[in-house]
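# Fold and contact review
Chain residues, written in single-letter form:
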Amino acid sequence: MPDTLITNSPIIAAYRNATPGSAARASQAAEMFPSGITHDSRYIEPYGLYITRAQGPRKWDVDGRCYVDYFGGHGAMLLGHCNPQVMAAVHAQLDRGTHFGACHELEIEWAELVKRLIPTAERVRFTSSGTEATLMAVRLARAFSGKQKIVRFNYHFHGWHDHMTSGHNSHFDGTPTTGVLDAVAGNVLLCNQNDEAGLARLLEQHKGEIAAAIIEPTGANGGRLPIDVDFLHALRRLTAEHGVLLIFDEVVNGFRVSPGGAQGAFGIRPDLTTLAKILAGGLPGGAVTGRKDILDLLDFKVTQEAGKEKINHPGTFNANPLSAAAGIATLKQVAETDACAKANAYGDALRARLNEVFEEERVPWAAYGRFSTVEIFTNPEGIAVTPTKFDPTGLEAKHFKGVKNAGLVHKLRLSTMLGGVDFNGHPGGVISCTHGDAELEDTASALRSAVRLLKAEGGRRGLGR
């Protein structure tokens, strides 16, 4: 962020004045962590919030300020913070032990719930994170198919490992990001989502070379770039025709858009699925699941009898008992309550309410999204927009990923924090089933205040008018 935006902005000055405790902690952190942070998405100038506790749809910082939370534990907290059943399960497990270094009954119950909810789950292997899950899915696909290349889609996020860096935020020409080998990046083929013709050409061009295609089935970044569901069906059809495995990365949307994830909502059957976040109820945990014949490559006996080389998969915290306890308590509620439906309904109401604010304030921006997510379209290309009638279908990525108004988006986020709402950096966020009428009105009020602060600082021109 340019220094002038930090030093000359009344909004940033107000943020500093409101959060002295976070400023002090950030100064300490800068001496220990690169950029003073432990996760890239927590980077914000002049510094991020330091949170001390959370409950339901809200959280509190070290200065005692309350925020409606749309970060949601990076998407893990579908049930809200400190869900009573989850907390009770974790506390009970703490008394029994946190790590046995052995098999335990909870991992069986956890996997049974995954199989119950995810339509394509024939076998399950737990990991410690979503990144580990996508890494294992790619290795399984290559080993099973005997092919090397992977198709992935521009802007889609599948973790930080070497196979998934080019084409996310940069290197859209497929060249390797720093530290990644040419040979690794060279075996990843990039394509645009919703481009059926381009996908068909790519599959034909590399016929017989592609092990799998991997996609976020609700669209890049959990839906920030909206997906055409017809494209998903075409993806399934084309990959099947070419003998290419299909991997759904449901780390974000698994157990969120529906109890069965995006595949349950859209009626599409991938070969492999990666999971995390809600899977472990707010604790660390991930999984790869799908067809038995593919996951059999992790099986000692099956591979030995077939004369195949087994894929080795250790992992100190695979199916950790605490994560399993939290995951079981969470997935039971996903299966037996209307948690997904409640979060989705709030999403509909929130997007409509925010668009009313934009229209009332005469700002050509819009709230959009599907299911229990919200994204704020800040119109970097300056197109004509009627917020309550906004349809993101067909817009190019530059309309969502543009950097022309990065400074404005930055100050929008700080302004909403000043109003007591914590969106993510897009800006946008994820919703829990505990968000309700009070949070809806508080969010609308914070957005209205933020828009007025931005107008006062930069005028209408800065807001696209």
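Residues numbered from 1 in each chain as written. Predicted model: local features only at pLDDT ≥ 70, side-chain atom pairs only at ≥ 80, totals over all residues. Heavy atoms only, no water.

### What about unusual backbone geometry?
Cis peptide bonds are those with omega within 30 degrees of zero, and the linkage from Glu 45 to Pro 46 qualifies with 5°. For Pro 46, the position within the fold is in the loop between helix 3 (20–29) and strand 1 (51–55). Cis peptide bonds are those with omega within 30 degrees of zero, and the linkage from His 426 to Pro 427 qualifies with 0°. The backbone of Lys 277 sits at a positive phi, close to 50°, despite the residue not being glycine. (Helix = DSSP H or I, 4+ residues; strand = E, 2+ residues; numbered from the N terminus.)

### Digging into the packing of aromatic side chains
Considering all chains together, one arrives at 9 aromatic pairs under this definition. Residues Phe 377 and Phe 390 carry aromatic rings whose centres are separated by 4.7 Å and whose planes lie at 25° to one another, so their mutual orientation is stacked. On the criterion of sequence distance, the pair formed by Phe 377 in strand 13 (residues 373–377) and Phe 390 in the loop between strand 13 and helix 17 (398–401) is long-range, its members being 13 residues apart. For the residue pair Phe 377 and Phe 390, the accessibility class agrees, reading buried in each case. Feature note: the residues Tyr 368, Phe 377 and Phe 390 constitute an aromatic cluster, connected by ring pairs. The ring of Trp 60 carries Arg 53 above its face, with NZ or CZ at 3.9 Å from the centroid. Residue placement shows Lys 310 over the ring face of Phe 300; its charged tip is 4.6 Å from the ring centre. (Phe/Tyr/Trp six-rings, centres within 6.5 Å; stacked < 30°, edge-to-face > 60°. Buried < 20%, exposed > 50% of the residue type's maximum accessible area, 1.4 Å probe, protein only. Lys NZ or Arg CZ within 6 Å of the ring centre and 35° of its normal.)

### Observations regarding the packing of helix 18 (residues 406–418) against helix 19 (residues 437–458)
Where helix 18 meets helix 19, the closest approach of the two axes is 8 Å, and the angle between their N-to-C directions is 130°. By the angle class used here, helix 18 and helix 19 are oblique. Judged by the twist between their axes, the crossing of helix 18 over helix 19 is right-handed. Contacts from Leu 408, Lys 411, Leu 412, Ser 415, Thr 416 and Leu 418 of helix 18 reach helix 19 at Ala 446, Leu 447, Ala 450, Leu 453, Leu 454 and Glu 457. The residue inventory of the contact of helix 18 with helix 19, partitioned by class, reads 8 nonpolar, 2 polar and 2 charged. (Axes fitted to C-alpha atoms, helices over the stretch in contact; angles between N-to-C directions. Parallel < 35°, antiparallel > 145°, perpendicular 65-115°, else oblique. Left-handed = near helix turned anticlockwise from the far one by under 90°. Contact = heavy atoms within 4.5 Å. Nonpolar A, V, L, I, M, F, W, Y, C, P; charged D, E, K, R; others polar.)

### Quick notes on the packing of helix 2 (residues 10–18) against helix 18
Running from amino to carboxyl end, helix 2 crosses helix 18 at an angle of 40°, the nearest separation of the two axes being 9 Å. The angle between helix 2 and helix 18 places the two elements in the oblique class. Note that helix 2 runs across helix 18; the crossing there is left-handed. Contact residues: helix 2 offers Ile 11, Ile 12, Ala 14, Tyr 15 and Ala 18, while helix 18 offers His 410, Lys 411, Leu 414, Ser 415, Met 417 and Leu 418. Classifying every residue of the contact of helix 2 with helix 18 by side-chain character gives 8 nonpolar, 2 polar and 1 charged.

### Examining the environment of Thr 330
When you line up the elements, Thr 330 lands in helix 15 (residues 321–336). Along the sequence, Thr 330 and Ile 278 sit 52 residues apart, while their C-alpha atoms lie 7.4 Å from each other. Those residues in contact with Thr 330 that lie beyond four places of it in its chain are Leu 79, Val 86, Ile 278 and Gly 281.

### Describing the confidence of the model for the protein
Mean pLDDT over the protein works out to 94, with 96% of the residues at or above the 70 mark. Contacts of residues 1–5 to residues separated by more than four positions or lying in other chains number 9 contacts, the stretch itself having pLDDT below 50. (pLDDT = per-residue confidence, 0-100.)

### Concerning the nonpolar core
Nonpolar side chains in soluble globular proteins tend to be buried together. Counting 66 residues, the largest nonpolar core has Tyr 70, Trp 110, Phe 255, Leu 279, Leu 331 and Leu 350 as its most contacted members. Residues in contact with Leu 331, not counting those within four places in the same chain, are Trp 110, Leu 113, Val 114, Leu 117, Phe 255, Ile 278 and Leu 279. Counting 23 residues, the second largest nonpolar core, distinct from the first, contains Leu 199, Leu 203, Leu 235 and Leu 246. (Core = buried A, V, L, I, M, F, W, Y, C linked by side-chain atoms within 4.5 Å.)

### Here we look at the pattern of salt bridges
Summed over the entire model, instances satisfying the criterion amount to 21 salt bridges. Asp 69 is the partner of Lys 59 in a salt bridge, and the nearest nitrogen-oxygen pair spans 3.0 Å. With Lys 59 in strand 2 (residues 58–61) and Asp 69 in strand 3 (residues 66–69), this residue pair connects regions lying 10 residues apart in the sequence. Among the residues examined, Lys 59 registers a relative accessible area of 10% and is labelled buried. (Salt bridge = Lys/Arg side-chain N within 4 Å of Asp/Glu carboxyl O.)

### Section: the pairing of strand 11 (residues 286–290)
The element strand 11 is extensively covered by neighbouring structure, given that 5 of its 5 residues are classed as buried. On strand 11, burial covers both faces: Gly 286, Val 288 and Gly 290 on one face and Ala 287 and Thr 289 on the other are all buried. Across 5 bridges, strand 4 (residues 123–127) lies against strand 11 in antiparallel orientation. By the bridge assignment for strand 11, Val 124 is matched with Thr 289. Relative to strand 11, strand 10 (residues 272–275) runs antiparallel, the two sharing 4 bridges. Across the sheet, the residue bridging to Thr 274 is Val 288, located in strand 11. (Pairing = 2+ DSSP bridges.)

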